[in-house]
Amino acid sequence: MTFAATTSDQHPDTPEARAYNRLRRRLSVVDFLLGLAFLLVLLFVTTSLGARWSEVLRDWAWLAARQHYSLAVFLYIAMLLLIGKLLGLPLDFYSFRLEHRYNLSNQKLRSWAWDQVKGWLVGLVLGSIVAELIYWTIRQAPQRWWLLAWVAFTALAIFFAQIAPVVLFPLFYKFQPLENEDLRERLVRLSERAGTRIRGVYEWKLSEKSKKANAALTGLGRTRRIILADTLLENYSPEEIESILAHELGHHVHRHIVKGILVQVVITFFGFWATAAILRYAVEQRHMFETLTDFANLPLLALVSTVMSLLLMPALNAYSRYNERQADRYCFQSVPDVAPFISSMEKLAQQNLAERRPSPAVEWLFHSHPATWRRILAAEMFRRRRGVTPAR
Ligand SMILES: [Zn+2]
């Protein structure tokens, strides 16, 4: 839903931008493979005593929890996440160093370390809620647990989409209502023309950590808001910021957040169904675990969801690029001239060291936003069709 992609334009890319993006992509591939390997080791590698690693962790959790089921699930997931974090920490640190090497970061080591701790704790809270929920439904309804889990998961997803801008994001960044009167008036005019109302526009203090710029539409219902990075507010003209606001308003008018949640709801329906079928097969046919409720099977559930997300990634990215094109078109129609949109795209690509023209395969697989050269081309075509010459 964000405005700036990690991408980019019609000029050839600098070697620096190409190298940076290649390293970032490799990093995410290695990170993914590491996670996958971790799950496979837990499930299939046995200790000298013949137990799988996941079962060893489960036994420790049982012991520490004094046979209390829910507490044992929590301790098990905490151990899993802790080991996973420690394994991935070198990659996280490399990513931190990479941003500095390419002069894209303002973050100090201490702040980065604190973010890692907070991120891990947020992961623990969310992960344990989902795990407790799944094993509670399995215990309540061993046959139809996936249906119950899906309903509860959907409710949770909507709840978290709603509280994210007011509870989760502020854990990592400061936000304050946008004070710039000129920009507020521009937004009100844009909104009136669209016949809609946005709850608020917030300044996102991104500069404490990054030199990059971004903007996004976030939240649901009463928490729905546009956030604009201070790095953007400082360096872009009012007309450029207006075009970015118009793009975000396009997401709002086309109801992209609600549609995105609906897509997720459909995917998780099949996801939970497939997970339940595979779990049943692993327990009843392969005898990998004694019971469905044996939470040592959790890595198997995580594996199914990991593989599914990988397979769906190109389709979900294509869907996201479709939404971004729609928001761009909305922007072209609502601003007097597309020139500020084009210049903001060029600035964003430069500031974020985005690849201006990634290879089609890279764009197709990894990018949630169309490459900037395509977005600029679309703006120019729009201008030509409308037959208006730029005012400036
Ligand atoms: Zn967008």
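Data block above holds the structure.
These figures come from a predicted structure and were not determined experimentally.

A closer look at the sheet that holds strand β4 (residues 225–229)
As summarised here, the arrangement of the four strands in space is β1-β2-β4-β3, forming an open sheet in which the pairing is mixed. At either end of the open sheet lies a strand with only one pairing partner, and these are β1 (175–177) and β3 (215–218). Along the sheet, successive strands turn relative to each other by an average axial angle of 30°, direction set aside. Of the pairings in the sheet, the one linking β1 to strand β2 (residues 201–204) comprises three bridges and is antiparallel in character. Residue pairing in the sheet places Pro-177 in a bridge with Tyr-202 of β2.

Looking at the environment of Asn-317
As for its placement among the helices and strands, Asn-317 is situated in helix α10 (residues 298–334). Taking the C-alpha atoms as reference points, Asn-317 and Lys-174, 143 residues apart in sequence, are found 29 Å from one another. Those residues within four positions of Asn-317 in sequence are excluded, and the remaining contacts are Trp-364, Leu-365, Phe-366, His-367 and Ser-368.

Some points on helix α8 (residues 238–253)
In a regular helix each residue adds 1.5 Å, so 16 residues correspond to 22 Å; α8 covers 22 Å between its end C-alpha atoms and thus fits that length. Judged by how many residues are buried, α8 sits mostly within the fold: 13 of 16 residues are covered. A positive phi of about 55° marks Arg-255, the residue just after α8.

Here's the deal with the pattern of salt bridges
All told, the structure shown has 18 salt bridges when counted by the stated rule. Residue Arg-25 pairs with Glu-355 through a salt bridge whose shortest N-O separation is 3.2 Å. Residue Arg-25 is found in helix α1 (residues 15–44), and its partner Glu-355 is found in the loop between α11 (339–351) and α12 (360–366); the two are separated by 330 residues along the sequence. Neither residue differs from the other here; Arg-25 and Glu-355 are each classed as buried. Among the ionic pairs, Lys-174 bridges to Glu-208, the shortest N-O distance being 3.1 Å.

Concerning a nonpolar patch on the surface
A cluster of nonpolar side chains, contributed by Val-29, Leu-33, Trp-364, Leu-365 and Phe-366, occupies part of the molecular surface with about 450 Å² of accessible area. If you list the elements that add at least two residues to the nonpolar patch, you get α1 and α12. The leading source of residues in the nonpolar patch is α12, at three residues.

What counts and what doesn't
- Residues numbered from 1 in each chain as written.
- Predicted model: local features only at pLDDT ≥ 70, side-chain atom pairs only at ≥ 80, totals over all residues.
- Heavy atoms only, no water.
- Pairing = 2+ DSSP bridges.
- Helix = DSSP H or I, 4+ residues; strand = E, 2+ residues; numbered from the N terminus.
- Axes fitted to C-alpha atoms, helices over the stretch in contact; angles between N-to-C directions.
- Contact = heavy atoms within 4.5 Å.
- Expected span 1.5 Å × (residues − 1).
- Buried < 20%, exposed > 50% of the residue type's maximum accessible area, 1.4 Å probe, protein only.
- Salt bridge = Lys/Arg side-chain N within 4 Å of Asp/Glu carboxyl O.
- Patch = residues over 30% accessible without salt bridge, like charges linked within 9 Å, V, L, I, M, F, W, Y side chains within 5 Å.
- Areas by Shrake-Rupley, 256 points an atom, 1.4 Å probe, with all protein chains shown as cover.

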